[in-house]
Amino acid sequence: MQNPTPPARRITILGAGAWGTAVAIALAARHDVLLWARNPAMAEATRAAGENTEYLPGFPLPAGLNVSSDLNAALAHVGGPDAGEAPLLIAACPVAGLRPLLEQLKPYPIPNIVWLCKGFEGGTGLLPHQVMQEVLGDRVAGAALSGPSFAQEVARGLPCALTVASESRELRERVVSIVHGGSIRVYSCDDLVGVEVGGAVKNVLAIATGVADGLGLGLNARAALITRGLAEITRLGVALGGHASTFMGLTGMGDLILTCTGDLSRNRRVGLALAQGKALDTIVAELGHVAEGVPCAKAVRELASKLGVDMPITNAVAGVLFDGDTPLDTLAQLLARDPRGEVA
C-alpha cells in the first residue's frame, strides 16, 4: 500500500538566484510556492519570460509558481492568518546577504526560517546559524538545508539527497515532511555546526581540486586532495563543536565529492581558471555567480589559525587567492611537508 500524498503547504523562498529558483521549481510541483526576488525588474523579467533568464536560463517555471518582489506579500504568504498548516520560509541568499535579509525580517512574525547558504560570514567569521542568532535571537526556530546538490540538476528533476539540521526537532520534522518527496530525499540531523562547516569548507577544497586538475596533476592527486581535504574539514568542524561522524555523510563527504569533481561546480571552475594564470577579479567577473569558496578561504584560514587547527590545503588556497602565491609554488610547498600519520 502506497503512503498517502502529503498535503500541499505554503512556502516562500527569499532569493531568486540559481539555487533558490531551482528549489522553487522542484517544490512547486507539490506545494504552493512564492519566489521572492529582491530586484523588482528581475522579478518582472522572470514572470514575463516564464524562466529565470539571469541565473537559471532554460528551466521553465511551473504555471503555479508565483514570482514577486513584494516582501510584505511574500511573508504574508507564510505568516498571515490564511497561511494554512505548517508553512515554511526558506532563505536562498548567499552568506553575505543573510544578515541584511534577516534584518529586513525582524519586524515580521515569521513562522520559522530555513537557510540554503553555505559559508562563513565575511568579517565576523560566523556560521549562518550564528548570524541568525545575533539578528533574530531565540524567537524564531532555524534550520540549515544542505547537501550535494547542483541547481541545474534539481531544477531538471534529477534525484537528490539533502540533510536538514536544526536544534528544533519540530522544525526538522516539518522540513522533512514538506521537502521530502518526488526526486528529493531529505535526511534529518541535529548537528547544525557540523552540517554548516562541511557545506562551507568543501568549497575551498573544490578550488584546490580545480587547480590540481587544471595543472594536469592527475586523478591520483585529485583523490589525495579530496581525502586530505575531508580530514581538514573534520578537524575544524570538531574544534567548533561538530560531530566527526557528520563529515562522513551527505553534507561532508557527499558534498565534498560533488563539488570537487562536478563540472557544474563554480568553485571548481575558479580553481581551473587559477591554474590557467587568470587573475581572481577576472575569474569572478567571468563566472557571473557567487563562488562561496573565495571569501570562505580567507575566513577559514583566520579561524583555523585562531583555533590552532592545521589546514594546509586551505592555507594554500588562500595563499593563491590573496597572497600572490603561484599554484606551482604552492604545490611544491604541500609536497615538501614532513610525513606524518594519516590520522594526524
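What this report covers is the structure whose coordinates are included nearby. Given the structure is predicted, the values throughout are model-derived calculations rather than measurements. (Residues numbered from 1 in each chain as written. Predicted model: local features only at pLDDT ≥ 70, side-chain atom pairs only at ≥ 80, totals over all residues. Heavy atoms only, no water.)

### A look at the nonpolar core
Part 1 of the argument: With 42 residues, the main nonpolar core has F120, V197, V201, L205, L236, V270 and L274 as its most contacted residues.
Part 2 of the argument: Only α8 (192-214), α9 (219-239), α10 (250-261), α11 (266-275), α12 (280-287), α13 (293-307) and α14 (312-322) provide two or more residues apiece to this core.
Part 3 of the argument: A total of 11 residues in this core trace back to one element, the largest contributor, which is α8.
Part 4 of the argument: Ignoring sequence-local partners within four residues, the contact set of L236 consists of F120, V197, V201, V300, L303, A304, L307, V309 and M311.
Part 5 of the argument: Formed by 41 residues, the second largest nonpolar core is a distinct cluster that contains A16, A26, A28 and L116. (Core = buried A, V, L, I, M, F, W, Y, C linked by side-chain atoms within 4.5 Å. Buried < 20%, exposed > 50% of the residue type's maximum accessible area, 1.4 Å probe, protein only. Helix = DSSP H or I, 4+ residues; strand = E, 2+ residues; numbered from the N terminus. Contact = heavy atoms within 4.5 Å.)

### Examining the side chain of T209
Part 1 of the argument: The topology assignment puts T209 in helix α8.
Part 2 of the argument: A relative accessible area of 0% places T209 in the buried class.
Part 3 of the argument: When sequence neighbours within four positions are dropped, the list of residues in contact with T209 reads R222, L225, I226, C260 and R268.

### A short note on the pairing of strand β6 (residues 142-146)
Part 1 of the argument: Judged by how many residues are buried, β6 sits mostly within the fold: 5 of 5 residues are covered.
Part 2 of the argument: Both faces of β6 are covered, namely the face carrying G142, A144 and S146 and the face carrying A143 and L145.
Part 3 of the argument: With 3 bridges connecting them, strand β5 (residues 113-115) and β6 associate as parallel partners. When the bridges of β6 are listed, W115 appears paired with A144.
Part 4 of the argument: In this region the chain leaves β5, passes through helix α5 (residues 128-136) and returns to the parallel neighbour β6; the handedness of that crossover is right-handed.
Part 5 of the argument: By the bridge criterion, 3 bridges tie β6 to strand β7 (residues 160-165) in an arrangement that is antiparallel. When the bridges of β7 are listed, A144 appears paired with A165. (Pairing = 2+ DSSP bridges. Right-handed = clockwise from strand over helix to strand, strands pointing away.)

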